[in-house]
Amino acid sequence: MSNDVRARIVAPILIPVGILVVMAGFIGTVASLLLYSTNAGALTFAAVAAGGILFTVSLATSQERLDAPRRLAIAVAALLPFVAGGAVALGLVGDIAEEDRMINVPPLLFVPEDAPRLAAANSLEYCAPVDAATCDATATWEVLPSAEVETIAFVFENREAGVPHNIVITELEGTPDAPGAGTVLVESDIISGVADDYHVEDVLTWDDLPEQWYFFCRVHANMNGVGTVTAAG
């Protein structure tokens, strides 16, 4: 191969493309190993792989010349986490149930499609958004459980510009006609509007959510209501 070909093709084109291909392959391999392992397994793999990379870099840069044993140690430290992680991901080592693999784990945050969004358009009461401009005042919030996922996150919009609001969801004390706040189940941060699609960060399962619950704004206690888990149909 002539120097001209190297200068025109190999150096500016083939080498960068080769580097991108190797990077894509490495990232894809790591992602696959993490997705087809459990949460604990993925954390262990990441920690061991990071340790192996640090060891190989440290050993390689601290030696002027690497003899055969050191080269072998570098190869083992670099490859062992990936070999072990691959064996676990392929089911050759351990017995991981399919539902426990990261790729099959339900999302931590889920907003039921059929549940009305809750919003704050003023400091008097919550409202149920109809569209970008309309929000109907309401003191009720109905949600429909999903048969596909176990966890739920509540979402609300703060449509009142420059005014802070949040939402606190508690057990219902009293009755729906005379409700009160019980034990706090989840509570969002206090946010200033305008803010859309704010997720309450605490994760709650459908089994944790009572059939009826109480919700209110920590800043404006007069903003409150009763939520209900509804049945399909």
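Since the structure is predicted, the reported quantities are computational estimates derived from the model, not experimental observations.

Participant: Honestly, the overall build of the protein chain in this entry has me stumped. Any pointers?
Facilitator: Across its full length, the protein chain carries three helices and 14 strands. Across the 233 residues of the protein chain, 30% fall into the buried class. Residue pairs at least 24 apart in sequence account for 64% of intrachain contacts in the protein chain once pairs closer than 6 positions are excluded. Summed over all atoms, the accessible surface of the protein chain reaches about 14,000 Å², with 60% contributed by carbon and sulfur.

Participant: So what exactly am I meant to see when it comes to the environment of glutamate 142 here?
Facilitator: Here glutamate 142 lies in strand S4 (residues 140-143). Glutamate 142 gets classed as partly exposed once you look at its relative accessible area, which sits at 46%. Separated by 86 residues in the primary sequence, glutamate 142 and threonine 228 place their C-alpha atoms 4.8 Å from one another.

Participant: How should the state of the cysteines be read in this particular structure?
Facilitator: Disulfides are covalent bonds that link the sulfur atoms of two cysteine residues. Counted according to the given criterion, the structure contains one disulfide. Between the sulfur atoms of cysteine 127 and its disulfide partner cysteine 135 the distance amounts to 1.9 Å. Negative torsions about the S-S bond denote left-handed disulfides, and the value of about 90° found for cysteine 127 with cysteine 135 makes this one right-handed. A relative accessible area of 3% places cysteine 127 in the buried class.

Participant: Even after reading the chapter, I still don't get the pairing of strand S8 (residues 168-175), so can you show me in this structure?
Facilitator: Note on strand geometry: in a regular strand, side chains alternate between the two faces of the sheet. Note: S8 against strand S9 (residues 178-187), seven bridges, orientation antiparallel. Its bridge partner lying in S9, threonine 170 is registered against valine 184. Here S8 folds back onto S9 in antiparallel fashion, the turn holding two residues. Judged from the four bridges that link them, S8 and strand S13 (residues 212-216) form a sheet pairing that is antiparallel. Among the inter-strand pairings, glutamate 171 is bridged to a residue of S13, identified as tryptophan 213.

Participant: Sorry, what's going on with helix H2 (residues 39-62) here?
Facilitator: Note: α-helices contain 3.6 residues per turn, so residues at a spacing of three or four share the same orientation. Over its 24 residues, H2 runs 35 Å from end to end, which matches the ideal 34 Å to within 8%, given 1.5 Å per residue. Listing the buried residues of H2 in full gives Ala42, Phe45, Ala49, Gly52, Thr56 and Leu59.

Participant: I would appreciate a short explanation of helix H3 (residues 68-89) in the present structure.
Facilitator: Over its 22 residues, H3 runs 31 Å from end to end, which matches the ideal 32 Å to within 8%, given 1.5 Å per residue. Restricting attention to buried positions, one finds in H3 the residues Ile74, Ala77, Pro81, Phe82, Gly85, Gly86, Ala87 and Ala89. Downstream of H3 by one or two residues, glycine 91 has phi in the positive range, about 85°.

Participant: Would you mind going over the packing of aromatic side chains with me for this structure?
Facilitator: In this description, an aromatic ring pair is defined by two values, namely the gap between the centres and the angle between the planes. Taken as a whole, this structure holds five aromatic pairs when the rule is applied. When the centroid spacing of 5.9 Å and the interplanar angle of 35° are considered together, the rings of tyrosine 214 and phenylalanine 216 count as tilted. Through a chain of ring-to-ring contacts, three or more aromatic side chains come together here, namely Phe26, Phe45 and Phe82.

Participant: So what exactly am I meant to see when it comes to the sheet that holds strand S14 (residues 224-229) here?
Facilitator: Working definition: the strands of a sheet are paired by backbone hydrogen bonds and lie parallel or antiparallel to each other. If you walk across this open sheet you meet the five strands as S4-S14-S13-S8-S9, and the pairing is mixed. Looking at strand neighbours, the two that pair on one side only are S4 and S9, the edges of this open sheet. Going from strand to strand, the sheet's axes swing by 35° on average, the running direction of each strand aside. Here five bridges tie S13 to S14, and the two strands are oriented antiparallel to one another. Looking across to S14, one finds that phenylalanine 216 is bridged to asparagine 224.

Participant: Explanation requested: the pattern of salt bridges in the structure shown.
Facilitator: Pairing of side chains with opposite charge becomes possible as their charged atoms draw close. For the coordinates displayed, the defined rule picks out two salt bridges. A salt bridge links arginine 159 to glutamate 157; the shortest N-O distance between them is 2.9 Å. Its salt-bridge partner being glutamate 187, residue arginine 218 comes within 2.9 Å of it at the nearest N-O pair. Of the two residues, arginine 218 sits in the loop between S13 and S14 while glutamate 187 sits in strand S9, which places them 31 residues apart along the sequence. According to the relative accessible area criterion, arginine 218 is partly exposed, its value standing at 42%. On the basis of relative accessible area, glutamate 187 is assigned to the partly exposed category, the value being 30%.

Participant: Whenever I open this one, the side chain of glutamate 157 confuses me. Can you help?
Facilitator: Locating glutamate 157 in the fold gives a position in strand S6 (residues 155-158). Relative accessible area serves as the criterion here: at 9%, glutamate 157 is assigned to the buried category. A polar side-chain atom of glutamate 157 sits 2.9 Å from a polar atom in the side chain of arginine 159.

Rules behind the numbers
Residue indices begin from 1 for each chain and proceed along its sequence in written order. Note on the predicted model: pLDDT of at least 70 is required for a residue's local features to be given, and 80 or more for side-chain atom pairs to be given and counted; whole-chain, interface and lining totals, by contrast, use all residues. Side-chain calculation: all heavy atoms of the structure are included, whereas hydrogens and water are not. Numbering goes from the N terminus for both helices and strands, where a helix is a DSSP run of H or I of at least four residues and a strand is a run of E of at least two. Here's how the labels work: a residue is buried when its accessible area is under 20% of the maximum for its type, exposed when over 50%, partly exposed in between, all with a 1.4 Å probe on protein chains only. Between two residues, a contact is recorded if the distance between any of their heavy atoms is within 4.5 Å. The accessible surface values rely on the Shrake-Rupley method and a 1.4 Å probe; as for residues, cover is taken only from the protein chains in view. Two cysteine sulfur atoms form a disulfide, by the criterion used here, when they sit within 2.5 Å. Think of it this way: DSSP has to see at least two bridges between two strands before they count as a pair. Expected helix span is given by 1.5 Å per residue-to-residue step, counting one fewer step than there are residues. Pairing of aromatic side chains requires ring centres within 6.5 Å, counting the rings of Phe and Tyr and the six-membered ring of Trp. Pairs whose planes differ by under 30 degrees are stacked, by over 60 edge-to-face, and all others tilted. Helix axes use the C-alpha atoms of the stretch in contact, all axes being lines fitted to C-alpha atoms, and the angles between their N-to-C directions lie in the range 0 to 180 degrees. When a carboxyl oxygen of Asp or Glu is within 4 Å of a side-chain nitrogen of Lys or Arg, the pair counts as a salt bridge. Pairing of N or O atoms within 3.5 Å defines a polar contact, subject to two protein rules: one partner must be a possible hydrogen donor and the other a possible acceptor, and residues neighboring in sequence count only if both atoms are side-chain atoms.

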